[in-house]
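Fold and contact review
Spelled out, the chains give:
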Amino acid sequence: MSKSSKTYTRYTEEFKADAVRLIEVQGLSVAQVARDLDVNVNTLHNWLNKTRESQAPEMTEMLRELNRLRKENAVLKEEREILKKAAAFFAKESK
């Protein structure tokens, strides 16, 4: 009996990045991209996980900024409501 040997395909970094982009930017499923590109789904999951791990520090900073902006937005909305009420009060008083 002869052992069947597996063949491994080497993909370029550009190809891997393009495949991950299809998932993250275009919103395609991992399974769909794997089928379309004829890549093993587990291999594609590995590329995706590796990309996300390498982006983790950048994503953490972006999430901090997003949270800061959400808090700032909440304060601005509250201030706007106070100003609306004050304007209505003074408009009523001047009549």
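In case you missed it, the structure is sitting above this.
A few points on the structure. (Residues numbered from 1 in each chain as written. Predicted model: local features only at pLDDT ≥ 70, side-chain atom pairs only at ≥ 80, totals over all residues. Heavy atoms only, no water.)

**Some points on helix α2 (residues 30-37)**
Heads up, the condition is: Accessibility here uses a 1.4 Å probe with only protein chains present; expressed as a share of the type maximum, an area under 20% marks a residue as buried, one over 50% as exposed, and anything in between as partly exposed. Counting from the N terminus, the helices are DSSP H or I runs at least four residues long and the strands are E runs at least two residues long. This arc is built from the directions going out from the helix axis to the C-beta atoms.
For α2, the full list of buried residues reads Val 30, Val 33 and Ala 34. The buried residues of α2 occupy an angular sector of 100° when projected down its axis, which confines them to one face. Away from its buried face, by an angle of more than 90 degrees, α2 presents the exposed residues Arg 35 and Asp 36. At the C-terminal side of α2, Asp 38 shows a positive phi close to 55°.

**Some details on the packing of aromatic side chains**
Let me state the cut-off plainly: Here the aromatic set is Phe, Tyr and Trp, taking the six-membered ring for Trp, and pairing holds for ring centres within 6.5 Å; pairs whose planes are under 30 degrees apart are stacked, those over 60 apart are edge-to-face, and all others are tilted.
Throughout the structure, instances matching the rule amount to 4 aromatic pairs. Between Tyr 11 and Trp 47, the aromatic rings sit 5.1 Å apart at their centres with planes inclined by 75°, giving edge-to-face as the arrangement. Here Tyr 11, found in the segment before α1 (13-24), pairs with Trp 47, found in helix α3 (residues 41-93); they are 36 residues apart in sequence, far enough to count as distant. Considering the side-chain rings of Phe 89 and Phe 90, the 5.4 Å spacing of their centres and the 75° angle between planes classify their relative orientation as edge-to-face. Through a chain of ring-to-ring contacts, three or more aromatic side chains come together here, namely Tyr 11, Phe 15 and Trp 47.

**So, the pattern of salt bridges**
What counts here: Salt bridges are defined by distance alone: a side-chain nitrogen of Lys or Arg within 4 Å of a carboxyl oxygen of Asp or Glu.
Scanning the entire structure with this criterion turns up 8 salt bridges. A salt bridge links Arg 68 to Glu 65; its shortest N-O distance comes to 2.9 Å. Taken together, the residues Arg 68 and Glu 65, both in helix α3 and 3 residues apart, mark about one turn of the helix. Overall, Glu 65 belongs to the partly exposed group, its relative accessible area being 34%. The closest approach of N and O atoms between Glu 72 and Arg 68, which form a salt bridge, is 2.9 Å. Pair noted here: Glu 72 and Arg 68 are both in helix α3, with a separation of 4 residues, about one helical turn. Classification of Glu 72 by relative accessible area gives partly exposed; the value is 38%. On the basis of relative accessible area, Arg 68 is assigned to the partly exposed category, the value being 41%. Among the charged side chains, a network of salt bridges with common partners joins Glu 65, Arg 68 and Glu 72.

**Structural notes on the packing of α1 against α3**
Rules: Each axis is a line fitted through C-alpha atoms, and for a helix only the stretch in contact is used; angles between axes span 0 to 180 degrees, taken between their N-to-C directions. Each angle is binned into one of four classes, with values under 35 degrees roughly parallel, values over 145 roughly antiparallel, values of 65 to 115 roughly perpendicular, and all other values oblique. The contact rule is simple, with two residues in contact once any of their heavy atoms fall within 4.5 Å. Under this grouping Gly is polar, as are all residues other than the nonpolar Ala, Val, Leu, Ile, Met, Phe, Trp, Tyr, Cys and Pro and the charged Asp, Glu, Lys and Arg.
In contact at an axis separation of 10 Å, α1 and α3 are set at 85° when each is read in the N-to-C sense. One finds that α1 runs roughly perpendicular with respect to α3. Residues Phe 15, Lys 16, Ala 19, Val 20, Ile 23 and Glu 24 of α1 touch α3, and the partners they reach there are Leu 44, Trp 47, Leu 48, Thr 51, Arg 52 and Gln 55. Class assignment of the residues belonging to the contact of α1 with α3 gives a composition of 7 nonpolar, 2 polar and 3 charged.

**Considering the packing of α1 against α2**
Helix-helix packing: each pair is described by the crossing angle between the helix axes and the interaxial distance. Basically, it comes down to this: Each helix crossing is assigned a hand: it is left-handed if the near helix lies turned anticlockwise from the far helix by less than a right angle, otherwise right-handed if that turn is clockwise.
In the contact formed by α1 and α2, the axes pass within 9 Å of each other and the chain directions differ by 140°. Regarding the angle of α1 to α2, the classification is oblique. In terms of crossing hand, the pair formed by α1 and α2 is right-handed. Contacts between α1 and α2 pair Phe 15, Ala 19, Leu 22 and Ile 23 from the former with Val 30, Val 33 and Leu 37 from the latter. Residues of the contact of α1 with α2, tallied by class, amount to 7 nonpolar, no polar and no charged.

Any functional reading would require information that these geometric values do not contain.
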